[in-house]
There are 2 protein chains.
Amino acid sequence: MTFSLTILGSNSAIPTLTRNPSAHLLNVNGRLFLIDCAEGTQLQIRKFHVHFQRIQRIFISHLHGDHFFGLIGLLNSLHLLGRKEKLHLYGPPLLKEIINLQLEASQTTLNFPLVFYPLSFSGYEMIYEDEKVTVHSFPLLHSVPTCGFIFREKKLERKIRKDVLSEVKIPVTEMQNVKRGRDYIDEEGKVFKNEDITLDPPSPRSYAYCSDTAYTEAILPFIRQCDLLYHETTFMQNMADSAKEKQHSTTIEAATLAKKANVKKLLIGHFSARYDDLQPLLEEAQSVFPETILAEDGMTLNI
Amino acid sequence: MTFSLTILGSNSAIPTLTRNPSAHLLNVNGRLFLIDCAEGTQLQIRKFHVHFQRIQRIFISHLHGDHFFGLIGLLNSLHLLGRKEKLHLYGPPLLKEIINLQLEASQTTLNFPLVFYPLSFSGYEMIYEDEKVTVHSFPLLHSVPTCGFIFREKKLERKIRKDVLSEVKIPVTEMQNVKRGRDYIDEEGKVFKNEDITLDPPSPRSYAYCSDTAYTEAILPFIRQCDLLYHETTFMQNMADSAKEKQHSTTIEAATLAKKANVKKLLIGHFSARYDDLQPLLEEAQSVFPETILAEDGMTLNI
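Cut-off values and rules
- Along each chain, residues carry numbers from 1 onward, in the same order as the chain's sequence is written.
- Key to labels: chains lettered from A, ligands numbered from 1, both in the order written.
- Owing to the predicted nature of the model, reporting of local features is limited to residues with pLDDT of at least 70; listing and counting of side-chain atom pairs is limited to 80 or more, with chain, interface and lining totals taken over all residues.
- The way it works is that DSSP assigns letters per residue, a run of H or I at least four long becomes a helix, a run of E at least two long becomes a strand, and they are numbered from the N terminus.
- Burial in this document is a count-based property: other C-beta atoms within 10 Å of a residue's C-beta are tallied, and the residue is buried at 20 or more, exposed at 12 or fewer, or partly exposed in between, with C-beta positions derived from the backbone.
- Residue pairs qualify as contacts under a 7 Å threshold applied to their C-beta atoms, which are placed from the backbone.
- Residues below a pLDDT of 70 in either copy are left out; the C-alpha atoms of the rest, at least 70 in both, set the least-squares superposition of the copies.
- As a working rule, the residues Ala, Val, Leu, Ile, Met, Phe, Trp, Tyr, Cys and Pro are called nonpolar, Asp, Glu, Lys and Arg charged, and the rest polar, with Gly in that last group.
- To obtain an axis, a line is fitted to C-alpha atoms, over the contacting stretch when the element is a helix, and the angle between two such axes runs from 0 to 180 degrees between their N-to-C directions.
- When an angle is under 35 degrees it counts as roughly parallel; over 145 it counts as roughly antiparallel; between 65 and 115 it counts as roughly perpendicular; any other value is oblique.
- Should the near helix be turned counterclockwise from the far one by less than a right angle, the crossing is left-handed, whereas a clockwise turn marks it as right-handed.
- Start and end positions for the domains come from either an automated domain assignment or a database one.
- A pair of strands is labelled paired if DSSP reports no fewer than 2 bridges between them.
- Structurally, a nonpolar core is described as a collection of buried Ala, Val, Leu, Ile, Met, Phe, Trp, Tyr and Cys residues joined by way of C-beta atoms within 7 Å.

### Quick look at the overall build of chain A
Across its full length, chain A holds 10 helices and 18 strands. Within chain A, buried positions represent 44% of all 303 residues. Counted over contacts in chain A with a minimum sequence separation of 6, partners at least 24 positions apart contribute 65%.

Written out as structure tokens, the structure reads:
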């Protein structure tokens with residue numbers, strides 16, 4: 001099953017010609033989840049050859065412009081391009097009002113249903129679930145109400161061993177039970193123990209997105225041991241005072257959190273426009289957490 | 001005096017990788033007037049090396065997204081980049097509410113005064129005047145209230161002939177009067193007729209911007225004989241029905257209007273994203289009005 005992440009924007013508030021502000025795209029088995037949507041995101045989607053209309057759910061972490069100013073333009077383009085399929089939007093309550101006011105101003109009635117789910121910011125909450133994946137939100141520590149999100153694959157089914165299948169005739173009606181861990185008993189009463197005829201499934205994967213936040217260990221329980229943690233790293237450590245004042249994080253802070261949460265990999269982004277060369281940020285983070293990588297517009301990671 | 005136009009976006013509603021939606025920048029003697037501001041305009045400004053903070057006045061023709069979705073992002077970036085100077089904004093009344101709601105959502109108080117002037121759409125009106133230029137708005141014919149704008153240089157002063165200046169000692173205090181057309185009488189009572197000692201000034205220049213509109217001759221009195229007429233040309237003539245239905249214009253319609261208004265030059269833009277090659281649009285317009293040119297992102301025209 002595909003579980004991959006494409007970075008549509010890696011910069012903080014001010015866009016540059018090489019780095020757009022925040023937007024991530026998670027591909028879960030062909031269904032696309034867009035996470036934040038800065039101005040210009042629709043062009044990034046076009047540039048990186050993403051199929052626009054496959055976006056099913058959009059998650060907006062907070063109402064600073066570099067995380068949502070591109071949403072209204074994206075909705076408008078989906079409308080003009082003839083979308084009919086329902087679109088699900090998760091965000092702060094005021095977001096709905098902002099969208100409605102702009103649609104009203106342009107006398108636009110979207111051709112597709114837009115279903116809005118207000119985020120509560122009050123704690124760790126499941127905001128979406130289907131047969132493949134769950135999505136939880138949790139509060140971050142920022143100057144306006146802000147959510148992080150964690151996307152988790154559900155536990156996958158056990159795999160029936162191919163060599164067993166050629167010898168034992170398991171009826172189709174029993175297959176599902178075996179995949180779920182039950183033993184198989186044939187017509188003559190012979191018992192095949194589940195552990196002898198199946199293989200462990202791959203571990204479910206997880207992706208945590210921490211958009212804008214000061215350093216906070218309160219989020220550790222939610223992101224622990226995730227496969228990929230995206231954590232904002234607006235500043236290098238020598239600007240820790242600015243980070244604190246603006247409720248953002250530094251390289252060392254993001255890496256410390258990744259280490260304490262025992263995650264597999266750390267992805268840093270939301271870089272201040274003052275940094276042309278990001279190598280020093282990477283090295284600083286890696287000094288604490290070696291498994292760190294830099295977000296880069298257009299990159300795709302298979303989690 | 002500089003009187004030049006830079007195209008920041010030449011496309012209609014949906015941005016493409018080579019053509020952004022509407023935004024024009026008029027440079028009047030170093031002061032910048034931004035006309036419409038689609039999503040991504042701030043990046044176009046950066047790409048084409050325009051000095052952000054020199055923008056003094058912004059004119060928004062109407063509230064379709066491809067004409068204003070980039071405004072809030074531009075204001076936000078001007079704020080983050082430390083602007084202190086007043087910014088003047090002209091637009092439909094609801095625009096103020098849209099901006100305020102988004103500033104409120106992000107708990108942002110702009111560092112600079114934003115002075116808002118609501119457009120009335122009721123007729124031909126002077127909305128700005130200084131010692132160099134006037135700006136008038138006039139209603140267009142579109143599906144939501146929409147304004148065109150005409151920017152006119154004021155009549156320039158006469159030029160005192162250099163050969164005269166070396167022979168006749170005109171006191172500095174009299175210079176201004178002579179430039180305004182008065183005769184000069186020296187201390188001995190000798191009369192120098194103004195027409196003998198001055199040259200005609202260059203004709204004042206004018207630029208008319210007609211953003212989104214169906215064909216309407218009602219605007220002829222406002223745009224007559226202007227130096228450069230920008231008129232939207234969303235469609236080719238074979239899509240006249242679509243143009244009519246969506247209250248947009250075709251090549252032939254824009255060119256016909258330019259001809260009837262006896263303008264010096266016609267600039268066409270707001271092209272539908274369906275057209276990759278714009279040459280056929282240009283040729284169709286030129287068949288009626290030869291002095292037609294195509295808008296192209298990044299081009300600068302000295303009017």
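Additional details are given in the paragraphs that follow.
### Let's talk about the relation of the copies chain A and chain B
The transform that puts chain A on chain B rotates by 180° and translates by 0.0 Å along the axis, for an RMSD of 0.1 Å. The operation mapping one copy onto its partner corresponds to a two-fold rotation axis. Residue glycine 40 of chain A, judged by its C-alpha, is the member of chain A lying nearest the rotation axis, at 2.8 Å.

### Let's talk about the interface of chain A and chain B
Of the residues lining the interface, 30 residues belong to chain A; the matching set on chain B comes to 30 residues. Residue assignment for the side of chain A that touches chain B shows that the elements contributing at least two residues are helix H1 (41-47), helix H2 (71-80) and helix H3 (93-105) of chain A. Broken down by class, the residue content of the side of chain A that touches chain B amounts to 14 nonpolar, 12 polar and four charged.

### Some remarks on the packing of H3 of chain A against helix H4 (residues 93-105) of chain B
Orientation of H3 of chain A relative to H4 of chain B, taken along the N-to-C sense of each, is 165°, at an axis distance of 10 Å. Between H3 of chain A and H4 of chain B, the crossing angle belongs to the class labelled roughly antiparallel. Where H3 of chain A crosses over H4 of chain B, the handedness of that crossing is left-handed. Mapping the contact onto sequence places Leu94, Glu97, Ile98, Leu101, Gln102 and Ala105 of chain A in H3 of chain A and Leu94, Glu97, Ile98, Leu101, Gln102 and Ala105 of chain B in H4 of chain B.

### Notes on the domain arrangement of chain A
Once the domains are mapped, chain A shows domain 1 (3-156 + 202-290) and domain 2 (159-199). Here domain 1 of chain A and domain 2 of chain A have C-alpha centroids that lie 42 Å from each other.

### A closer look at the sheet that holds strand S2 (residues 23-28) of chain B
All names here are of chain B. One open sheet holds the seven strands; their spatial order is S6-S5-S4-S3-S2-S1-S18, and the pairing between them is mixed. Both outer strands of the open sheet, strand S6 (114-118) and strand S18 (300-302), are each paired with one neighbouring strand and no more. Each neighbouring strand pair of the sheet contributes to a mean axis angle of 20°, computed without reference to strand direction. Summarising the sheet, strand S1 (residues 3-9) and S18 pair through three bridges and their orientation is antiparallel. Counterpart to leucine 5 in the pairing with S18 is leucine 301.

### A few points about unusual backbone geometry
Residues and elements named next belong to chain A. Its identity is not glycine, yet phenylalanine 121 carries a phi of approximately 65°, on the positive side. For phenylalanine 121, the position within the fold is in the loop between strand S6 (114-118) and strand S7 (125-129). Even without glycine at this site, histidine 270 takes up a positive phi of about 65°. When you line up the elements, histidine 270 lands in the loop between strand S16 (265-269) and helix H10 (279-286).

### As for the nonpolar core
Core analysis: the largest hydrophobic core is formed by 140 residues, its most contacted members being Leu229 and Leu266 of chain A together with Leu229 and Leu266 of chain B. Sequence-distant contacts of leucine 229 of chain B, that is, excluding residues within four places in its chain, are made with Ala208, Ile223, Ala258, Ala261, Val263, Leu266 and Leu267 of chain B.

### Quick look at helix H9 (residues 251-261) of chain A
Residues and elements named next belong to chain A. Along H9, eight of the 11 residues are buried, which leaves the element largely enclosed by surrounding structure. Turning to H9, its buried residues are Thr251, Ile252, Glu253, Ala254, Ala255, Leu257, Ala258 and Ala261. Here the buried face of H9 lies against helix H7 (220-223), strand S15 (228-232), S16, H10 and strand S17 (292-294). Positioned one or two residues after H9, asparagine 262 has a phi angle of 55°, which is positive.

### Here we look at the sheet that holds strand S14 (residues 206-210) of chain A
All names here are of chain A. Taken together, seven strands build an open sheet; the order of strands is S7-S8-S9-S14-S15-S16-S17 and the sheet is mixed. One side of each edge strand has no neighbouring strand; the edge strands of this open sheet are S7 and S17. When the angles between neighbouring strand axes are averaged without regard to direction, this sheet yields 20°. Where S16 and S17 come together, three bridges link them in parallel fashion. When the sheet's bridge partners are listed, isoleucine 268 is paired in S17 with leucine 294. Here H10 sits on the sheet and contacts S16 and S17; the angle it forms with S17, its principal contact strand, is near 165°.

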